[in-house]
Amino acid sequence: MNLVFLGPPGAGKGTIAKLLKEELNIAHISTGDLFRDNIKRETELGKRVKEILASGALVPDEVTIAMVDSRLKEDDAKGGYILDGFPRTVAQADALENMSSVDAVINFCLADEEILKRLSGRRVCKSTGRTYHIIYNPPKVEGIDDETGEALIQRDDDKEEAIKHRLEVYQTSTAPLIDYYTEKGLIIDLDCSGKPEDITRTLVEKLRK
């Protein structure tokens, strides 16, 4: 089964993808992970992305498309995949049509207030990337990583003003994809306000129908 996850930042796409990947035994392909992996392995695309990100510019569609195309050709993606973070634009969606056929597009639905609460409460250990939440997943000692003892930080893009800006960017650039995939009859709306395990169970039931 080939799936696309659409939804605003903080809606839980990455969390649900990890659970669904195990449930359906399919590949989870996150564009953020793809960028990091290519940069780490110093591939030609990775070097290009590193330069673009260092300059503060957005990665152009053709670079992202090339990376995803290469990833979809790997063996683990042949039995099905979850695309998380791609496509972000209608141009990318058109490109995906030429690479692979999509079975369903999951539209993650969550109120802006809940997204603000989720993201602004997120805290990260800088050296390991381990993530906590001051309400939902607090560390054993407030503000301190459980394993390394380092002080936790709040990423700049998890501060309230930045979150509001990210939501505006999402509405402008990615929300048109909902119309694009609705016209193709592929959209499945998913309420993401519950527990990840319950949301995943609901999604599996919707996919089986």
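All values derive from a computational prediction rather than experimental measurement.

Cut-offs applied
- Residues numbered from 1 in each chain as written.
- Predicted model: local features only at pLDDT ≥ 70, side-chain atom pairs only at ≥ 80, totals over all residues.
- Heavy atoms only, no water.
- Helix = DSSP H or I, 4+ residues; strand = E, 2+ residues; numbered from the N terminus.
- Rg over C-alpha atoms; globule rule 2.2 N^0.38 Å.
- Buried < 20%, exposed > 50% of the residue type's maximum accessible area, 1.4 Å probe, protein only.
- Contact = heavy atoms within 4.5 Å.
- Areas by Shrake-Rupley, 256 points an atom, 1.4 Å probe, with all protein chains shown as cover.
- Lys, Arg positive; Asp, Glu negative; His and termini not counted.
- Charge placed at Lys NZ, Arg CZ, Asp CG, Glu CD.
- Pairing = 2+ DSSP bridges.
- Polar contact = N/O pair within 3.5 Å; in protein donor to acceptor, adjacent residues only side chain to side chain.
- Axes fitted to C-alpha atoms, helices over the stretch in contact; angles between N-to-C directions.
- Phe/Tyr/Trp six-rings, centres within 6.5 Å; stacked < 30°, edge-to-face > 60°.
- Parallel < 35°, antiparallel > 145°, perpendicular 65-115°, else oblique.
- Left-handed = near helix turned anticlockwise from the far one by under 90°.

J.: Can you help me understand the overall build of the protein in this one?
T.: Helix and strand counts for the protein come out as nine helices and seven strands. The globule rule puts the C-alpha radius of gyration for 209 residues at 17 Å, and the 17 Å found for the protein is close to it. The dimensions of the protein, computed from C-alpha atoms along their principal axes, are 50 × 40 × 35 Å. Per-residue burial over the protein gives 41% buried out of 209 residues. Across the protein, the fraction of contacts at a sequence separation of at least 24, relative to all contacts at a separation of at least 6, is 65%. Looking at the protein as shown, the accessible area adds up to about 11,900 Å², and 49% of this sits on carbon and sulfur atoms. Seen as two clouds, the 30 positive and the 38 negative side-chain charges of the protein have centres 3 Å apart.

J.: Any chance you could explain the pairing of strand 2 (residues 27-30) here in plain terms?
T.: Moving residue by residue along a regular strand, the side chains alternate between the two faces of the sheet. The two faces of strand 2 match: Ala27 and Ile29 on one face and His28 and Ser30 on the other face are all buried. Summarising the sheet, strand 2 and strand 3 (residues 81-84) pair through four bridges and their orientation is parallel. Paired with Ile29 across the bridge in strand 3 is Leu83.

J.: Would you mind going over the side chain of His133 with me for this structure?
T.: When you line up the elements, His133 lands in strand 6 (residues 131-133). Within the structure, the side chain of His133 is placed 3.2 Å from the backbone oxygen of Lys117, a separation counted as a polar contact. Apart from residues lying up to four places away in sequence, His133 is in contact with Lys117, Arg118, Gly121, Arg122 and Pro138.

J.: How do you make sense of the sheet that holds strand 2 when you look at a structure like this?
T.: Strand pairing within a sheet occurs via backbone hydrogen bonds; the two strands may be parallel or antiparallel. The parallel open sheet is built from five strands, whose spatial order is 2-3-1-4-7. The sheet terminates laterally at strand 2 and strand 7 (187-191), the two strands that pair on one side only. Averaged over all neighbouring strand pairs, the angle between strand axes comes to 25°, with direction disregarded. Sitting on the sheet, helix 1 (residues 13-24) is in contact with strand 1 (2-6), strand 2, strand 3 and strand 4 (104-109), with an inclination near 165° to strand 1.

J.: Explain the packing of aromatic side chains here, please?
T.: For any pair of aromatic rings, the description rests on two quantities: the centre-to-centre distance and the angle between the ring planes. Counted according to the given criterion, the structure contains two aromatic pairs. Ring geometry for Phe5 against Phe108: centres 4.8 Å apart, planes inclined by 55°, an arrangement best described as tilted. Taken together, the positions of Phe5 in strand 1 and Phe108 in strand 4 put the pair 103 residues apart, joining distant regions of the chain. Exposure remark for Phe5: the relative accessible area of 2% places this residue in the buried category. On the basis of relative accessible area, Phe108 is assigned to the buried category, the value being 2%. Seen from their ring centres, Tyr180 and Tyr181 are 5.0 Å apart, and the 85° between their planes marks the pair as edge-to-face.

J.: Just checking my understanding: could you explain unusual backbone geometry for this structure?
T.: Where the residue is not glycine, phi is negative for most of them; where a peptide bond is considered, it is trans in most cases. With an omega of 0°, the peptide bond between Phe86 and Pro87 qualifies as cis. One can find Pro87 in the loop between strand 3 and helix 5 (90-99). A positive phi angle is found at Glu42, which is not glycine, with a value near 55°. Here Glu42 lies in the loop between helix 2 (31-41) and helix 3 (44-54).

J.: Just checking my understanding: could you explain the packing of helix 1 against helix 9 (residues 196-208) for this structure?
T.: Describing two packed helices takes the angle between their axes plus the distance from one axis to the other. Packing of helix 1 against helix 9 brings their axes to within 10 Å, and their N-to-C directions diverge by 55°. Put simply, helix 1 runs oblique to helix 9. For the pair helix 1 and helix 9, the crossing hand works out as right-handed. Of helix 9, the residues touching helix 1 (which contributes Thr15, Ile16, Leu19, Leu20, Glu23 and Leu24) are Pro196, Glu197, Ile199, Thr200, Leu203, Val204, Leu207 and Arg208.

What is shown is where atoms sit, not what they do.
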